[in-house]
Amino acid sequence: MLSPHSPPPDAPIHVPTDPAEIQHAQQVVVFAMATLAEQRESDTESHILRVQRYVRALATKLRSNSAFTDVLSPETIDVLCTSVPLYDMGSVGIPDRILLKPGRLTPDEVAIMRTHTTIGFEAIVRAEKTLGRPSPLLAITKELVLSHQEKWDGSGYPQRLSGTRIPVSARIMAIADVYDALISNKVYKAGIPHDKAVQVIFGERGAHFDPDMVDAFIEIQDEFESIARRHADTDSDMQRDRKSVV
């Protein structure tokens, strides 16, 4: 059945030439594909919206730190936020028996789960090769996809990068993603209150997370809480979440 927003089958097709409209269409497609990937592991569309806004808030705050001013230009922040929906795209390559397993994963299953970072990265690289050349606009996307599970102390994966060897984009993403995972309700666990989530992130300062970024997060924690409330999961989100693990 056609959506009420669908044009009649015999209606002429209007092809926009406005660059802003073309960019918006590309963002819609990216978001749609990303939601399919996220829903496979019981995440919601609201999760992606929240994480995008956390990333923008934290990146904007970091611009006041001279260490980040040049690397986080307004244009770079825009590209970063556009790339966020694809950060977990590699999860589509993880078998359901592992991705949707309600209990603790075995060591072998953990190893397979961790390949989602390289699966997503390699998919982009292959697509670039197939289409003839790398895209500069996808540089940040590849950073997010490959490195969002790295940790400041070098204990993350897949490359065990540490400190400033981890791309700035991925360091920002790590805080945004973990914060949302902590506060979000799932069918297999209840989210924790904002204040406790802040404590957890502060406790990982210099271990999981860039100390400067944690300090910036602490300063704007109220903005994170506001974003979380404004884009909270709906009842329909949670119903889809339950169905995805049945």
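Residues numbered from 1 in each chain as written. Predicted model: local features only at pLDDT ≥ 70, side-chain atom pairs only at ≥ 80, totals over all residues. Heavy atoms only, no water.

S.K.: Help me understand the overall build of the protein, please; the structure alone is not making it clear to me.
M.R.: Assigned secondary structure in the protein consists of 12 helices and 0 strands. What you see in the protein, going N to C, is helices and strands ordered as α-α-α-α-α-α-α-α-α-α-α-α. Partitioning the contacts of the protein with sequence separation of at least 6, the portion at a separation of at least 24 is 64%. Carbon and sulfur atoms make up 56% of the accessible area of the protein, which totals about 13,800 Å². (Helix = DSSP H or I, 4+ residues; strand = E, 2+ residues; numbered from the N terminus. Contact = heavy atoms within 4.5 Å. Areas by Shrake-Rupley, 256 points an atom, 1.4 Å probe, with all protein chains shown as cover.)

S.K.: Teacher, can you tell me more about the nonpolar core here?
M.R.: Y54, V55, L58, I172 and Y179 are the most contacted members of the largest nonpolar core, which has 36 residues in total. For this core, the elements supplying multiple residues, two or more each, are α2 (45-62), α3 (74-83), α7 (139-147), α8 (168-183), α9 (194-203), α10 (211-219) and α11 (221-230). Ranked by the residues each element gives to this core, the list is headed by α8, at 8 residues. The residues contacting L58, other than those within four sequence positions of it, are I172, I175, M213, A216, F217, I220 and F224. (Core = buried A, V, L, I, M, F, W, Y, C linked by side-chain atoms within 4.5 Å. Buried < 20%, exposed > 50% of the residue type's maximum accessible area, 1.4 Å probe, protein only.)

S.K.: Honestly, the confidence of the model for the protein in this entry has me stumped. Any pointers?
M.R.: In low-pLDDT segments, the atomic positions of the prediction should not be examined closely. Residues with a pLDDT of 70 or more make up 76% of the protein, whose mean pLDDT is 85. Across residues 241-246 the pLDDT falls below 50, and counting only partners more than four positions away or on other chains, this stretch makes 10 contacts in the model. (pLDDT = per-residue confidence, 0-100.)

S.K.: Which parts of the structure should I look at to understand the packing of aromatic side chains?
M.R.: The geometry of an aromatic ring pair is captured by two quantities: the separation of the ring centres and the angle between the planes. What the rule picks out here adds up to 5 aromatic pairs. Relative to Y179, the ring of Y54 lies with its centre 5.2 Å away and its plane at 90 degrees, an arrangement referred to as edge-to-face. Within this pair, whereas Y54 is found in helix α2, its partner Y179 is found in helix α8, the two being separated by 125 residues in sequence. Accessibility expressed as a relative area gives 0% for Y54, which makes it buried. By relative accessible area, Y179 is classed as buried at 1%. A network of ring pairs unites the aromatic residues Y54, Y179, F217 and F224 as a single cluster. (Phe/Tyr/Trp six-rings, centres within 6.5 Å; stacked < 30°, edge-to-face > 60°.)

S.K.: When you look at the side chain of S184 in this model, what are you seeing that I'm missing?
M.R.: Turning to its location among the elements, S184 is positioned in the loop between α8 and α9. Of note is the side chain of S184, whose polar atom sits 3.3 Å from the side chain of R50. (Polar contact = N/O pair within 3.5 Å; in protein donor to acceptor, adjacent residues only side chain to side chain.)

S.K.: I keep staring at α3 and nothing clicks. Help me out?
M.R.: Since one α-helical turn is 3.6 residues long, residues separated by three or four positions face the same way. Burial in α3 covers these residues: I77, L80, C81 and S83. Across the axial projection of α3, the buried residues extend over an arc of 160 degrees, all falling on one side. Buried-residue contacts for α3 involve α2, α7 and α8. (Arc of directions from axis to C-beta.)

S.K.: Please explain empty space enclosed by the protein as it appears in this structure.
M.R.: Gaps left between atoms show up when a probe the size of a water molecule is rolled over them. A complete count under the given rule lists 1 cavity of 30 Å³ or more for this structure. Residue lining of the largest cavity: S147, H148, E150, K151, W152, I166, A170, R171, A174, H208, F209 and D210, and that is the complete set. It is α8 that provides the largest number of residues to the lining of the largest cavity, a total of 3 residues. (1 Å grid on protein atoms, 1.4 Å probe; cavity = no way out; pocket = protein on both sides within 12 Å on 5 of 7 lines; lining within 4 Å. Points joined across faces, edges and corners; volume = space filled by probe spheres on them.)

S.K.: Explanation requested: α11 in the structure shown.
M.R.: Among the residues of α11, those classed as buried are Q221, F224, I227 and A228. On an axial view of α11, the arc spanned by its buried residues comes to 120 degrees, and they lie on one face. Seen from the open side of α11, the exposed residues pointing more than 90 degrees away from its buried face are D222, R229 and R230. Buried residues in α11 make contact with α2, α8, α9 and α10.

S.K.: What is the right way to look at unusual backbone geometry in this model?
M.R.: In this structure, P158 follows Y157 across a cis peptide bond, with omega equal to 10 degrees. Positionally, P158 belongs in the loop between α7 and α8.

S.K.: Hey, could you run me through the packing of α8 against α9 in this one?
M.R.: Any two packed helices are characterised by how steeply their axes cross, that is the angle between the axes, and by the distance between the axes. Packing of α8 against α9 brings their axes to within 9 Å, and their N-to-C directions diverge by 140 degrees. By the angle between their directions, the pair α8 and α9 is classed as oblique. The element α8 and its partner α9 pack so that their crossing is right-handed. Where α8 approaches α9, its residues I175, Y179, L182 and I183 are matched on the opposing element by H194, A197, V200 and I201. Tallied by class, the residues present in the contact of α8 with α9 amount to 7 nonpolar, 1 polar and no charged. (Axes fitted to C-alpha atoms, helices over the stretch in contact; angles between N-to-C directions. Parallel < 35°, antiparallel > 145°, perpendicular 65-115°, else oblique. Left-handed = near helix turned anticlockwise from the far one by under 90°. Nonpolar A, V, L, I, M, F, W, Y, C, P; charged D, E, K, R; others polar.)

S.K.: When you look at the pattern of salt bridges in this model, what are you seeing that I'm missing?
M.R.: Counted under the stated rule, the structure contains 9 salt bridges. For R50, the salt bridge goes to D180, with nearest N and O atoms at 2.6 Å. In this pair, R50 sits in helix α2 while D180 sits in helix α8, placing the two residues 130 residues apart along the sequence. The buried category is assigned to D180, whose relative accessible area is 1%. (Salt bridge = Lys/Arg side-chain N within 4 Å of Asp/Glu carboxyl O.)

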